[in-house]
Amino acid sequence: MKHKIHVVPHSHWDREWYFTTSRSKIYLMKDLKDVLDTLENDKEFKYFMLDAQASLLDDYIKWMPQDKERITKLVKDKRLIIGPWYTQSDQLVISGESIVRNMYYGMKRCEEFGGYMNVGYVPDSFGQSGNMPQIYKEFGIKDTLFWRGVSDDMVKHTDFNWKGDDGSVVFTTQIPFGYYIGGNIPEDSEKSDEFWKKECFEKAGKGSSTKHIYFPNGFDQAPIRTNLPKIIAERNKKDPENEYVISSIEDYIRDVKNENPTLEEVQGELVIAKHMRIHKSIFSSRSDLKVLNTQVQNYVTNIMEPLLALSYKLGNAYPHKVVEEIWKLLFENAAHDSIGSCISDTANEDVYMRYKQAREIAVNIVELHSRLIATSIKNNADITFTLINTLPQAREDTILIKTYIPGGDFAILDDKGNKIDYTIISSRDLTDYVLSQTIKLDPSREFYIPEHVLEAVLAIKTEDIPALGYVQYSIDVNDNSCISMKKNNALENEFYSITIAENGSLTILDKENNKTYNNQGILVENGDDGDSFNYSPPRKDMEILSTNSKFEYQIHGNDIYSKAQIHYTMIVPKDLEERAEHITSTTLPVTLEVGLRKGSKIIDFNVHVDNKGLSHRLCVIFDSQITSKFNYADQQFGLIKRPNYYEKEMNLYLEGMKKPQRRKSWNSGNCQLGKRSFHMAGTTYIYLA
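Residues numbered from 1 in each chain as written. Predicted model: local features only at pLDDT ≥ 70, side-chain atom pairs only at ≥ 80, totals over all residues. Heavy atoms only, no water.

### Description of the overall build of the protein
Check the secondary structure of the protein and you find 16 helices and 33 strands. Relative to the compact-globule value of 26 Å for 689 residues, the protein shows a C-alpha radius of gyration of 29 Å, a close match. Taken along its principal axes, the extent of the C-alpha atoms in the protein is 95 × 65 × 45 Å. Partitioning the contacts of the protein with sequence separation of at least 6, the portion at a separation of at least 24 is 73%. When the accessible surface of the protein is split by element, carbon and sulfur atoms take 49% of a total near 34000 Å². Here the protein contributes 84 positive and 98 negative side-chain charges, whose respective centroids are spaced 5 Å apart. (Helix = DSSP H or I, 4+ residues; strand = E, 2+ residues; numbered from the N terminus. Rg over C-alpha atoms; globule rule 2.2 N^0.38 Å. Contact = heavy atoms within 4.5 Å. Areas by Shrake-Rupley, 256 points an atom, 1.4 Å probe, with all protein chains shown as cover. Lys, Arg positive; Asp, Glu negative; His and termini not counted. Charge placed at Lys NZ, Arg CZ, Asp CG, Glu CD.)

Right, here's the structure in full:
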């Protein structure tokens, strides 16, 4: 059968990895200019795909604004292929809302240049979320093309249908040997024949459902192959039995669909790593950045944007560009390597700085519009608290807030004059600082100024805050509704009683079910002999438990809020060499904070670590005492049910382990992961399962 080989020129552009974002932008400035020059000067070079990331255009034009019209013309002529993403987002760690906004802002930006590729192109995301077909269909995208997550044990062909968790179906092409398989075409005649036979027909084309073969020509940060039209022309002369064309993803998909092949179907999330790594253990790497990602995403989605909508309805201007800047900072961190933290320390510093910027912009725009809302409804009291509920249901929560309060006793009153209970968790005197910063636009106007001002963390038991609405409380300095914190032996509310056991673990009594859970919250420290992508247990490991460590604790609380602080002094090996010899010489201070709020079934739990060890990891263990074959987890726009043991996949793996193994090293660009890391990464899959 005569094949049509779709050679798709592209460059996969990691915005940061073992190199920094700044280095990436510098090389983009050179490489994209070469792309523009080539497309303009060689009409035979029909297409070039810019990795489906509109952010690359913004990065380039910022330093090369004179080329904007050149880019626009090539995009409108459908020769420079851009979009639909803003950045190449991870699909498993990043929230569903972030993924949707990424595509929204990507499409919006691409339309300003003349249009976008209407394909969900994801060449390197570490697995595919089960709800992506739904997201694609909502954007009018019917086709996707990706690399990781599907094996030949699931489907025989590389063209198939993918059904999402909600039933949405998209046509899919997989590039099982990666987006770089056709990136290094030899020009020597003999080597060229061998290359096309092995890489194109035996590998890339082996699973094609039709006569069409998808063959990407590119690599990470790769410059354009300017003589590609000549190479393709020579190949057509040398192999007239087949047809070679410079093509695009959309052309390939159109040609495949025109043949109406019988397509197999896969369903749900795609995370099988038989032929390509999924790097599941990046989920816990650089946990500080993972926490920041979750905090900022939740703040922007569940607090900032609903509050801005409420403020807009009260007549205040909506800050569209501010919101866009915050999201774009988050998109830069959403790329698989960036959010995975499998990047250099200097690049991780850039990631942290973007989270810091996004968080600070979001917090301050919320503060401004909270003031605008509060002043538009302010009652006649001297000091007020305005509680704004940004969720779509009424709430009666115990909330923790950090705010300024007058020194001395006072009562918090609701809008009907009823006392509201509260407690002061911590405070410090900032009288001189706050009063010296007071702005008096009208110095002749008299208003209440307290003699002392404290910065304090309060726990307040709120009542009936309307959905997407607000209430305004006032402060009465002539009364008192504060409940003092006292030293206790246990944390307690309506649902739980929590005590600290003699070994430093938590003993949790579930009052509703009259069930006690012993030995909860145990810290386990052990070694990590992996790389920046994969956790790998050392060949000679040693575990250190918090239950065998010195600790001290204190519990304070009342009916509104209880809090325990447990300080552990864990003595751990300083490195893998000490660990192998079972030597412990390094102090690892860890503090657990456990909190219970009145009326809440959620146990607040925070861990603070002064990390002084090397090549290690720290886990916390909670024993649910549940025996189950499956578990539920949240995913993008829904829940997902996963087996605790992947029986089919593990059987295939164990069968493969019976065969002679050849250990390899993995080269990718300038990054070398040696034999040991590759071998141990294979072990990781068994270990984590």
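Picking up after the structure, the text goes on.
### Side note on a nonpolar patch on the surface
Nonpolar side chains collect at one region of the surface, where Ile-26, Tyr-27 and Trp-63 lie side by side and expose about 310 Å² of accessible area between them. Looking at the element boundaries, Ile-26 is found in helix 1 (residues 21–41). (Patch = residues over 30% accessible without salt bridge, like charges linked within 9 Å, V, L, I, M, F, W, Y side chains within 5 Å. Salt bridge = Lys/Arg side-chain N within 4 Å of Asp/Glu carboxyl O.)

### Observations regarding the side chain of Thr-210
One can find Thr-210 in the loop between helix 6 (189–204) and strand 8 (212–217). In this structure the side chain of Thr-210 is engaged in a polar contact, spanning 3.1 Å, whose partner is the backbone nitrogen of His-212. Not counting residues within four places of it along the chain, the set of residues in contact with Thr-210 comprises Met-1, Asp-159, Val-256, Glu-259 and Pro-261. (Polar contact = N/O pair within 3.5 Å; in protein donor to acceptor, adjacent residues only side chain to side chain.)

### As for the pairing of strand 8
Of all six residues making up strand 8, six are buried, and the element is well covered by its neighbours. The alternating pattern of strand 8 places His-212, Tyr-214 and Pro-216 on one face and Ile-213, Phe-215 and Asn-217 on the opposite face, and all of these are buried. Sheet topology note: the strand 1 (residues 4–9)/strand 8 ladder contains six bridges and is parallel. Residue pairing across strands places His-6 opposite Tyr-214, the latter belonging to strand 8. (Buried < 20%, exposed > 50% of the residue type's maximum accessible area, 1.4 Å probe, protein only. Pairing = 2+ DSSP bridges.)

### A word on the side chain of Asp-255
Relative to the helices and strands, Asp-255 resides in helix 8 (residues 249–258). Excluding residues within four positions of it along the chain, Asp-255 makes contact with Lys-4, His-6 and His-212.

### Here's the deal with the sheet that holds strand 8
A sheet is described by the order of its strands in space; here three strands give the open sequence 8-1-9, paired in parallel fashion. Among the strands making up the open sheet, the edge pair consists of strand 8 and strand 9 (243–246). Strand-to-strand twist in this sheet, taken as the mean axis angle between neighbours without regard to direction, amounts to 25°. On the sheet, helix 6 packs against strand 1, strand 8 and strand 9 and is oriented at approximately 120° with respect to strand 8. Where helix 8 meets the sheet, it contacts strand 1 and strand 8, and its direction lies at approximately 170° from that of strand 8. (Axes fitted to C-alpha atoms, helices over the stretch in contact; angles between N-to-C directions.)

### Focus: the pattern of salt bridges
Scanning all chains against the criterion turns up 43 salt bridges. With a closest N to O distance of 3.2 Å, Asp-67 and Arg-70 form a salt bridge. Residue Lys-328 is joined to Glu-324 by a salt bridge in which the shortest nitrogen-to-oxygen separation is 2.7 Å. On the criterion of helical spacing, the pair formed by Lys-328 and Glu-324 is a turn pair, its members being four residues apart in helix 10 (residues 320–334). Each member of the pair, Lys-328 together with Glu-324, is buried. Taken together, the shared-partner salt bridges in this structure form one network comprising Asp-58, Arg-109, Glu-112, Lys-321, Glu-324 and Lys-328.

### Here we look at the packing of aromatic side chains
Within this structure, the stated rule accounts for 24 aromatic pairs. Centroid distance Phe-551 to Tyr-553: 6.4 Å. Interplanar angle 20°. Geometry classified as stacked. Residues Phe-630 and Tyr-632 carry aromatic rings whose centres are separated by 5.7 Å and whose planes lie at 85° to one another, so their mutual orientation is edge-to-face. What links up through ring pairs into an aromatic cluster is the set Trp-17, Tyr-18, Phe-19, Phe-126 and Phe-533. A cation sits over an aromatic face here: Lys-280 above Tyr-646, 5.5 Å from the ring centre. (Phe/Tyr/Trp six-rings, centres within 6.5 Å; stacked < 30°, edge-to-face > 60°. Lys NZ or Arg CZ within 6 Å of the ring centre and 35° of its normal.)

### A few points about the sheet that holds strand 29 (residues 616–621)
The sheet built from three strands is open, its strands ordered 24-23-29 with antiparallel pairing. Looking at the sheet topology across the chains shown, the edges are occupied by strand 24 (544–545) and strand 29. In terms of strand pairing, strand 23 (residues 522–527) meets strand 24 through two bridges, oriented antiparallel. If you follow Glu-525 over to strand 24, its bridge partner there is Ile-544.

### What to know about the packing of helix 10 against helix 12 (residues 345–377)
Orientation of helix 10 relative to helix 12, taken along the N-to-C sense of each, is 155°, at an axis distance of 9 Å. In terms of orientation, helix 10 lies roughly antiparallel with respect to helix 12. In the packing of helix 10 onto helix 12, the handedness of the crossing is left-handed. Residues Val-322, Glu-325, Ile-326, Leu-329, Leu-330, Glu-332 and Asn-333 of helix 10 touch helix 12, and the partners they reach there are Val-351, Arg-354, Tyr-355, Gln-357, Ala-358, Ile-361, Ala-362 and Ile-365. (Parallel < 35°, antiparallel > 145°, perpendicular 65-115°, else oblique. Left-handed = near helix turned anticlockwise from the far one by under 90°.)

### Observations concerning the nonpolar core
Ranked by internal contacts, the top residues of the largest apolar core, which has 108 residues, are Leu-80 and Trp-196. Not counting residues within four places of it along the chain, the set of residues in contact with Leu-80 comprises Val-35, Leu-36, Leu-39, Phe-48, Ile-71, Leu-74 and Val-75. Listed in part, the 21 residues of the second largest apolar core include Tyr-496, Met-570, Val-572 and Leu-596. (Core = buried A, V, L, I, M, F, W, Y, C linked by side-chain atoms within 4.5 Å.)

### So, the pairing of strand 22 (residues 515–520)
Examined bridge by bridge, strand 21 (residues 506–510) and strand 22 share four bridges and lie antiparallel to one another. Within strand 22, the residue paired with Leu-506 across the bridge is Gln-520. With antiparallel pairing between neighbouring strands as the criterion, strand 21 and strand 22 make up a hairpin whose turn holds four residues, including Asn-514 at a positive phi of roughly 50°.

### Considerations on the environment of Ser-287
Locating Ser-287 in the fold gives a position in helix 9 (residues 287–313). By relative accessible area, which is 48% here, Ser-287 ends up partly exposed. As a C-alpha pair, Ser-287 and Asp-623 span 336 residues in sequence and 21 Å in three-dimensional space.

### Quick word on unusual backbone geometry
Cis geometry marks the peptide bond from Gly-83 to Pro-84, where omega comes out at 10°. You can see Pro-84 is positioned in the loop between strand 3 (80–81) and helix 4 (96–111). With a phi close to 45°, Arg-286 is a non-glycine residue in the positive phi region.

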